Amino acid sequence: ELIALADDERLAEDLRLLAVIPARGGSKRLPRKNILPLGGKPLIQWTIDAGRASGVCADLLVSTDDAEIAETAKSAGAMVPWLRPDDLSSDTATSSSVIAHALAWYVANRGAVDAVLLLQPTSPFRSAASIQSAVELYRRQPRETANAVVSVSPADTHPAWTFMLDGANDAMNPVMGWEPLQLRSQDLVPAYALNGAIYIIPSKDICDGLPIIRPGVLPFVMADSRECLDIDTPEDWEVAQRQFP
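If you're wondering where the values come from, they're calculated on a predicted model, not measured in any experiment.

Draft legend 1. Region of the structure containing the nonpolar core. In this structure, Ile48, Val62, Leu117, Ile131, Ile198 and Ile200 are the most contacted members of the largest nonpolar core, which totals 34 residues. If you list the elements that add at least two residues to this core, you get β1 (17-22), α2 (43-54), β4 (59-63), α3 (67-75), β5 (115-118), α5 (128-139) and β9 (192-202). For this core, the leading source of residues is α5, giving five residues. If near-sequence neighbours (up to four positions away) are discounted, isoleucine 48 is found in contact with Ile21, Leu60, Val62, Ala73, Ala76 and Ala78.

Here's what the structure looks like:
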């Protein structure tokens, strides 16, 4: 369920957020994925709908280099003030540079925001309620020293059971060393992985060029495997489609 309206109003009053949805037109493993139809609407619309329903954003901006994605996003109610420049549309362009570009434009044209809420369109089932809860976690911090909040979920494979391969010696070495391999699974410290669904990044960090993932970042735990689905491959797409029998 969504956070009560009173909390919604409080969030809007004391925290100004810009939601940014990055959506490039190019995708090698799953061509045109951002506008592929899923459950009766384009993939990107799932994220736009969740962001708008959360009620925590001053605006929701889609950063894209693709005219068709731009029109789809506008029809779904997002702001698309420009097409992303070529230097931010290549395979080597970073998420940080895309966010910084969107934030700079927004501040110059619409005013300052406290933080950017990054919502990737490849996480279609992340809910408005989860967005609200992540924002509430961010809001509890002192404004001047706030750290980023990132969504995580239980790791599919515990790092104690992963290995680095030494090709020179034809050997495999456990990432966490040999001792944890002797433990029962229930005795291992729980491990979590970034799931890409929600990032809340202080504007000051973006302006200072700081990495999103660094010491002090706060984890927002998402346990629902459906919400945590990140669509990157045809196999991921098949999993998403199976949600609609």
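So that's the structure; there's more coming.
Draft legend 2. Spatial organisation of the layout of surface pockets. Put simply, the largest pocket is a space of about 610 Å³. Looking at the largest pocket, it is lined by 23 residues, and the ones nearest its centre are Pro22, Arg24, Gly26, Lys33 and Gln120. For the lining of the largest pocket, the per-class residue count stands at seven nonpolar, eight polar and eight charged. For the second largest pocket, the calculated volume is near 350 Å³. In terms of lining residues, the second largest pocket is bounded by 15 residues, among which Ser153, Asp156, Ser225, Cys228 and Leu229 are the most central.

Draft legend 3. A look at the pattern of salt bridges. A full pass over the atoms with the stated rule returns 16 salt bridges. The residue aspartate 232 makes a salt bridge to arginine 29 at a minimum N-O spacing of 2.5 Å. Taken as a pair, aspartate 232 in the loop between β10 (218-221) and α7 (234-241) and arginine 29 in the loop between β1 and β2 (37-38) lie far apart in primary sequence, 203 residues in all. A residue is classified by how much of its surface remains accessible, and arginine 29, at 55% relative accessible area, is exposed. Arginine 184 is the partner of aspartate 187 in a salt bridge, and the nearest nitrogen-oxygen pair spans 2.9 Å. A network of salt bridges, in which partner residues are shared, links Asp14, Glu136, Arg139 and Arg140.

Draft legend 4. Representation of unusual backbone geometry within the structure. One non-glycine residue, arginine 32, adopts positive backbone phi at about 60°. Of note, aspartate 170 is a non-glycine position whose phi angle comes to about 55°, a positive value. Positionally, aspartate 170 belongs in the loop between β7 (163-166) and β8 (171-174). Classification of aspartate 170 by relative accessible area gives exposed; the value is 75%.

Draft legend 5. Highlighting empty space enclosed by the protein. Overall, the coordinates contain one cavity of 30 Å³ or more when judged by the stated rule. If you trace the largest cavity, you find it lined by Leu15, Tyr138, Arg139, Gln141, Arg143 and Ala146. Looking at the lining of the largest cavity, its residues break down into three nonpolar, one polar and two charged.

Reading the values: the criteria
- Here the residue numbers are simple positions, counted from 1 along each chain's written sequence.
- Restriction of local features to residues with pLDDT of at least 70 applies here, the model being predicted, together with a cutoff of 80 or more for giving and counting side-chain atom pairs; totals for whole chains, interfaces and linings are based on all residues.
- Based on all heavy atoms of the structure, the side-chain values leave hydrogens and waters out of the count.
- What is meant by a nonpolar core is a set of buried Ala, Val, Leu, Ile, Met, Phe, Trp, Tyr and Cys residues, joined one to another through side-chain atoms within 4.5 Å.
- Throughout, exposure labels follow a simple rule: accessible area from a 1.4 Å probe, protein chains only, divided by the maximum for the residue type, with under 20% read as buried, over 50% as exposed, and the rest as partly exposed.
- The helix and strand labels rest on DSSP assignments: H or I over at least four residues marks a helix, E over at least two residues marks a strand, and numbering proceeds from the N terminus.
- In what follows, a contact means two residues having at least one pair of non-hydrogen atoms within 4.5 Å.
- Think of a 1 Å grid over the protein atoms and nothing else: a 1.4 Å probe that fits but is trapped marks a cavity, an open set flanked by protein within 12 Å on at least five of seven lines marks a pocket, and residues with an atom within 4 Å of a point count as lining.
- Grid points are joined across faces, edges and corners, and a volume is the space filled by probe spheres set on the points.
- All amino acids are sorted into three groups, where Ala, Val, Leu, Ile, Met, Phe, Trp, Tyr, Cys and Pro are nonpolar, Asp, Glu, Lys and Arg are charged, and the leftover types, Gly among them, are polar.
- By convention in these notes, a salt bridge is any Lys or Arg side-chain nitrogen within 4 Å of a carboxyl oxygen on Asp or Glu.

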